[in-house]
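# Coordinates in review
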Protein chains: 2
Amino acid sequence: MTAVAVVGRGRELVEPALRDAVSRLDDDTRLVASYHLGWNDSDGRPVDGNGGKGVRPGLLMLVGESLGGAPADLLPGAVAVELVHNFSLIHDDLMDRDTERRHRRTVWSIWGDATAVLVGDALLSLAHEILAESGSPHAAAAERSLSLATRELIRGQVLDVAFERRDDVTLTQCIDMAAGKTGSLLSVSTELGALLSGAPAEVSAAFAEFGAEVGIAFQLVDDLLGIWGWPERTGKPVFSDLRSRKKTMPVVWATTHGGLAGRQLADWLADTSSEPTEADLRQAADLVERAGGRHWAHEEALARVALAHNALAGVGLDLAHRAELDRLAAFVVERDL
Amino acid sequence: MTAVAVVGRGRELVEPALRDAVSRLDDDTRLVASYHLGWNDSDGRPVDGNGGKGVRPGLLMLVGESLGGAPADLLPGAVAVELVHNFSLIHDDLMDRDTERRHRRTVWSIWGDATAVLVGDALLSLAHEILAESGSPHAAAAERSLSLATRELIRGQVLDVAFERRDDVTLTQCIDMAAGKTGSLLSVSTELGALLSGAPAEVSAAFAEFGAEVGIAFQLVDDLLGIWGWPERTGKPVFSDLRSRKKTMPVVWATTHGGLAGRQLADWLADTSSEPTEADLRQAADLVERAGGRHWAHEEALARVALAHNALAGVGLDLAHRAELDRLAAFVVERDL
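Predicted model only: the values in this text are computed from it and were never measured.

## Comments concerning the environment of Thr182 of chain A
- Its place among the elements puts Thr182 of chain A in helix α8 (residues 171-195).
- Not counting the four nearest positions on each side in its chain, Thr182 of chain A is found in contact with Gly215, Phe218 and Gln219 of chain A.

Structure (structure tokens):
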């Protein structure tokens, strides 16, 4: 099975349980949550949407099954991580004042701030509810891991908000932020896959590390896409993260380790006197590349995938499952969806 | 022991554990959370503050001890309900755009929207973390009850936000909203007191009902205070809820069951053409009273306290503990703090 198929299968397995969970919400909250998840339009009419790739539940199910876990024991965890992911998206869109996600208007931009706060809160609570009533002997341990990961996610977002107002962010801080914002939830997804299968603590810990490394790789690739997009597909870069002068990992690598080109990039980022033209943005992207930021981010992503592979060395998986997880990690980096 | 002393003792027992929990947060989040809890000013300097009355943890500890629960088994629950309460206050202040709470500026009004969202989210996650790692054999059941109560709380706030834009709110809907916004968290506080003591399911359910009824009584008194304040203390009414034309329970009773005076009140509420003067507000308060809304709310609060008493009839508490719980319920209504 290809990595894409694995994730797609995860999403298909989880969707009925996710719909079931969301159906518990009160009418107003359910309408908004179902819109956000891509199941209906803002008036409640069903749509054939794309509610996201389901990477987190897909990973959780794959890890669990590779350890012999029964799908029924894994599903509450898969639903919970997807709910926490969507809680964070709804709140992040509000905080960042983003008006679009997946080519659709964001929740706050349609229903206002209060609704975005409340629907996010409801999804976070619902995640804990689903996990708590799973009946799993590992429910309390899973709740603890999910709570810790959510706090890490929030810590990452706190740093992200703070970094916007700073121009002295170090690479270490920047990677730490990515570990929080992206690594924590991927990490708890793979960890819960092991935990809910009844794996011993050291195996769950190994899978937590696997997911954390895959998460940082994932974010590095996201940062590259935020500058260069899919040039081999669309033929043109997007520059979106440069337009917003976002301090992503390749940019911070460039400004802190990139010599003259890096210093020129730092000057360009600091000069907010005028709106950048397309030519300015292309020049800034070239500075990131000449400073070595693009190359570094790509190499670092591959190094993280290797660390993810190594994390599972002592776990005793059979070769087929190990290869499947490696493929999945590689796929996250290739993003060949 | 007086009811005030009981709640005060609950707060004192819980505060060290609450401080311990909050100390886990990252530096930025901890500063803001500690400010909100009344422990420091907005620069982090310790203050002798009043971080709220601790009614919820006080109730939880009292219920638990009356059933023979050990304080150490109850503390994680007490910390969790206080954290959820404060999560909801921080988010509510943001949504309602309230700039003051307990005579201090609110979190969003000092640090902005994003910080209020994130600090609230962090406290909600922390609540689940503390409960999940309690080691209690009842942790998963407690997590489930806390999640359900939080969703009820959110449902109440969703209704509250929606009611602001409606002028056809019925009394039943209004009481349902109060049950969500105030009843749910008081109910889970008393329920967890029983649950974490290892009480049988029917005893926990009886205590959940006790807390729910006390919660509605509590909100009825709050609604009365929002119109008439503490006239016997300050000598003047506050009218604050009338100024914001809030559809509180006594007001909705008056407009839906209050005859001519009630209809006059409804007309006054609907006419938003000008800012009301003090004389207008006094007249509106008189209409609520003449329509019978003040009397009804007071009687209804007493009736709810009686229902709370009855809920514990089959629980088999000794008389001293039962009397203490009755006193506490009565005290919530008298609010003689």
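The discussion continues.
## Some points on the relation of the copies chain A and chain B
- With an RMSD of 0.1 Å, chain A superimposes on chain B once it is rotated by 180° and translated 0.0 Å along the axis. The symmetry that links the two subunits is that of a two-fold axis. When each C-alpha of chain A is compared by its distance to the rotation axis, Ala140 of chain A comes out closest, at 2.7 Å.
- A shared binding surface is used by both copies, with 100% of the interface residues of chain A retained as interface residues in chain B.

## Re helix α9 (residues 201-228) of chain B
All names here are of chain B.
- The terminal C-alpha atoms of α9, which comprises 28 residues, lie 41 Å apart, in line with the 40 Å expected from a rise of 1.5 Å per residue.
- α9 sits mainly inside the fold: 22 of its 28 residues count as buried.
- Downstream of α9 by one or two residues, Gly229 has phi in the positive range, about 60°.

## Focus: helix α6 (residues 113-132) of chain A
- With 20 residues, α6 of chain A should cover 28 Å at 1.5 Å per step; its first-to-last C-alpha distance of 29 Å lies within 8% of that length.
- Burial analysis of α6 of chain A places 19 of its 20 residues in the buried class, which makes it a mostly covered element.

## Let's talk about the interface of chain A and chain B
- Counting residues at the interface gives 36 residues for chain A, matched by 36 residues for chain B.
- In this assembly, chain A packs against chain B so that about 3,100 Å² is buried in total across both faces, 67% of it on carbon and sulfur atoms.
- Of all residues in chain A, Leu118, Glu129 and Arg151 of chain A bury the most surface against chain B, accounting for 20% of the area lost on that side.
- At the junction of chain A with chain B, the criterion picks out six salt bridges.
- Counting the contacts that link chain A with chain B gives eleven residue pairs in polar contact (both at pLDDT 80 or more).
- If you list the elements that add at least two residues to the side of chain A that touches chain B, you get α2 (27-36), α4 (71-96), α6 and α7 (139-163) of chain A.
- Sort the elements by how many residues they give to the side of chain A that touches chain B and α7 of chain A lands first, with 13 residues.

What counts and what doesn't
Residues numbered from 1 in each chain as written. Chains lettered and ligands numbered in written order. Predicted model: local features only at pLDDT ≥ 70, side-chain atom pairs only at ≥ 80, totals over all residues. Heavy atoms only, no water. Helix = DSSP H or I, 4+ residues; strand = E, 2+ residues; numbered from the N terminus. Contact = heavy atoms within 4.5 Å. Least-squares fit on C-alpha atoms with pLDDT ≥ 70 in both. Expected span 1.5 Å × (residues − 1). Buried < 20%, exposed > 50% of the residue type's maximum accessible area, 1.4 Å probe, protein only. Buried area = accessible area lost by both parts, 1.4 Å probe. Salt bridge = Lys/Arg side-chain N within 4 Å of Asp/Glu carboxyl O. Polar contact = N/O pair within 3.5 Å; in protein donor to acceptor, adjacent residues only side chain to side chain.

It is worth stressing that arrangement in space is one thing and function is another; only the former is reported here.
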